[in-house]
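# Examining the three-dimensional arrangement
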Amino acid sequence: MKSTRHAGVSFLNGQIQVAEIEHGKKLTVTAMGERSCSVDFADVNGRLSQAHPAVSTFADELGGLLKKEKIDAAFISFALPTEPVFINVIPVDRTLEGQALSSHLQWELEQYDPPIPVKDCILSAQPLPGGNDEVNHMLIVSVHRGTIGFLKKAASGLKPGLKFIDIDHFTAEKSLRINYPELKDKAVMLLGLRPGRTDASLVLGGEVCDHRAYATPGPQEVKAAAGRYFENISKRESGKPARVILHGVDATYGIISLIQHEIGIETLPLHAVRKLSPSKALSEEYGSESARFAAAIGLALRAPA
């Protein structure tokens, strides 16, 4: 089988993270790196577009990072941060489908008075496990069209072809599934830590079953949010999660200790290259800090074909 390389790009704490995976007989991490970024994707507030003057600067920054890390991928994908993205889990009448479902989801989104008009957003939804005979629980995600256009324009001059644009917390789940196969059939609490925000998901059988977001300006608020979410999901049929796994810039051992003391469950940083085959140099430089690359690696792990 001919191998193919896929690069994933994420944005965290004012930095661009990139990871490249070679899909061949085995999954091999061929490159990882990061650099500063002139665009804060966590605070774009609907301002970006294909015509935005920052497109060329960002394209140069990204192209320079790919060149520096010797990225030779056939495809590239982006993971947007969660801050400017509307994410929620809502109950939906199970009988709704097609245009009726789309119209209902748009109506639901409008009830939250989003800062960006619904007409200027791309809305997607997927049913989650659970629910009952009458109601589906659906994860809805709304992204500003201009932000997508900005990334497409920036990628148009790159050698790799654009493949996916996703959300960083959900691409990190791919890193979780690949790197922790022993947790495949267990309930896992996945926390994405960003400055001022914590995203929390219940992952069961390798699939997300729930999502919540919390404003967490400091470590004590992160600890409290983890405790609240743990209490909430522990009441479910799946019971208490077997592990708590953290990814993001603040996945430090100080935070890990706080959370583990709060909820009494083993808490670990997401070792995003744990079951992969990185070079010795990459392992030495990023192995113990790969939690912040979890989203980029998760994207690159997705089959490029």
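Quick note: structure is the one above.
Residues numbered from 1 in each chain as written. Predicted model: local features only at pLDDT ≥ 70, side-chain atom pairs only at ≥ 80, totals over all residues. Heavy atoms only, no water.

### Overview of the overall build of the protein
Each helix and strand counted, the protein has eight helices and 13 strands in total. The C-alpha radius of gyration of the protein comes to 19 Å, within 12% of the 19 Å expected for a compact globule of 305 residues. Along the first, second and third principal axes, the C-alpha set of the protein runs to 50 × 45 × 45 Å. Taking all 305 residues of the protein together, the buried fraction comes to 49%. When contacts within the protein are restricted to residue pairs at least 6 apart in sequence, those whose partners lie at least 24 apart make up 65%. (Helix = DSSP H or I, 4+ residues; strand = E, 2+ residues; numbered from the N terminus. Rg over C-alpha atoms; globule rule 2.2 N^0.38 Å. Buried < 20%, exposed > 50% of the residue type's maximum accessible area, 1.4 Å probe, protein only. Contact = heavy atoms within 4.5 Å.)

### Focus: helix α1 (residues 55–68)
Turn by turn, an α-helix covers 3.6 residues, leaving residues three or four places apart pointing in a common direction. In this model, α1 (14 residues) spans 20 Å end to end at C-alpha, consistent with the 20 Å of a helix rising 1.5 Å per residue. When α1 is considered as a whole, its buried residues turn out to be Val 55, Phe 58, Ala 59, Glu 61, Leu 62, Leu 65 and Leu 66. Seen from one end, α1 has its buried residues packed into an arc of 160°, which puts them on one side. Opposite the buried face of α1, at more than 90 degrees from it, the exposed residues are Asp 60, Lys 67 and Lys 68. Among the structural elements, β1 (4–12), β2 (15–23), β3 (27–36), β4 (75–80) and α3 (145–155) are those in contact with the buried residues of α1. (Expected span 1.5 Å × (residues − 1). Arc of directions from axis to C-beta.)

### What about the sheet that holds strand β9 (residues 187–194)?
Pairing in this open sheet of five strands is mixed, and the strands run β11-β10-β9-β12-β13 from one edge to the other. At either end of the open sheet lies a strand with only one pairing partner, and these are β11 (207–216) and β13 (267–269). Adjacent strand axes in the sheet meet at a mean angle of 20° when their direction is disregarded. Where helix α6 (residues 253–263) meets the sheet, its contacts fall on β9, β12 (243–248) and β13, and the angle it forms with β13 comes to roughly 160°. (Pairing = 2+ DSSP bridges. Axes fitted to C-alpha atoms, helices over the stretch in contact; angles between N-to-C directions.)

### Remarks on the pattern of salt bridges
Under the counting rule described, the total for this entry stands at 14 salt bridges. The partner of Glu 20 in a salt bridge is Arg 5, with the nearest N and O atoms 3.3 Å apart. Placement of the pair is Glu 20 in strand β2 and Arg 5 in strand β1, with a sequence separation of 15 residues. The partner of Arg 292 in a salt bridge is Glu 34, and the shortest N-O contact between them spans 2.6 Å. With Arg 292 in the loop between α7 (280–286) and α8 (294–301) and Glu 34 in strand β3, this pair connects stretches of sequence that are 258 residues apart. For Arg 292, a relative accessible area of 19% gives the class buried. One connected set of salt bridges, linked through shared partners, spans Arg 5, Glu 20 and Glu 22. (Salt bridge = Lys/Arg side-chain N within 4 Å of Asp/Glu carboxyl O.)

### Things to note about the nonpolar core
Val 39, Phe 41, Phe 58, Leu 62 and Phe 150 are the most contacted members of the largest nonpolar core, which has 38 residues in total. Mapped by element, the contributors of at least two residues to this core are β1, β2, α1, β4, β7 (135–144) and α3. At six residues, α1 tops the list of elements feeding residues into this core. When neighbours within four sequence positions are excluded, Phe 150 is seen to be in contact with Val 39, Phe 41, Leu 48, Ser 49, Gln 50, His 52, Ala 54, Val 55 and Phe 58. By size, the runner-up hydrophobic cluster in this structure holds 24 residues, among which are Ala 19, Ala 172, Leu 270 and Leu 301. (Core = buried A, V, L, I, M, F, W, Y, C linked by side-chain atoms within 4.5 Å.)

### Some points on the sheet that holds β7
Taken in spatial order, the three strands of this open sheet run β5-β7-β6, and their pairing is antiparallel. Every interior strand has two partners, whereas the edge strands, β5 (86–93) and β6 (121–127), have only one. The average angle at which neighbouring strand axes cross in this sheet is 30°, direction not considered. Docked against the sheet, helix α2 (residues 98–111) engages β5, β6 and β7, running at close to 130° with respect to β5. Sitting on the sheet, α3 touches β6 and β7, and the angle it makes with β7 is about 60°.

### Side note on the side chain of Ser 77
As for its placement among the helices and strands, Ser 77 is situated in strand β4. Among the polar contacts listed, one links the side chain of Ser 77 to the side chain of His 6, at a separation of 2.8 Å. Looking at Ser 77, its side chain comes within polar contact range of the main-chain nitrogen of Phe 164, at 3.0 Å. With sequence-adjacent residues up to four places away left out, Ser 77 is seen in contact with His 6, Ala 7, Gly 8, Val 9, Lys 163, Phe 164 and Leu 299. (Polar contact = N/O pair within 3.5 Å; in protein donor to acceptor, adjacent residues only side chain to side chain.)

### Let's talk about the packing of helix α5 (residues 219–234) against α6
The N-to-C vectors of α5 and α6 enclose an angle of 40°; their axes lie 9 Å apart at closest approach. Relative to α6, the element α5 is oriented oblique. Note on packing geometry: the crossing formed by α5 with α6 is right-handed. Contacts between α5 and α6 involve Pro 219, Gln 220, Val 222, Lys 223, Ala 226, Gly 227 and Phe 230 on the former and, on the latter, Ile 255, Leu 258, Ile 259, Glu 262 and Ile 263. Residues belonging to the contact of α5 with α6 are distributed by class as follows: eight nonpolar, two polar and two charged. (Parallel < 35°, antiparallel > 145°, perpendicular 65-115°, else oblique. Left-handed = near helix turned anticlockwise from the far one by under 90°. Nonpolar A, V, L, I, M, F, W, Y, C, P; charged D, E, K, R; others polar.)

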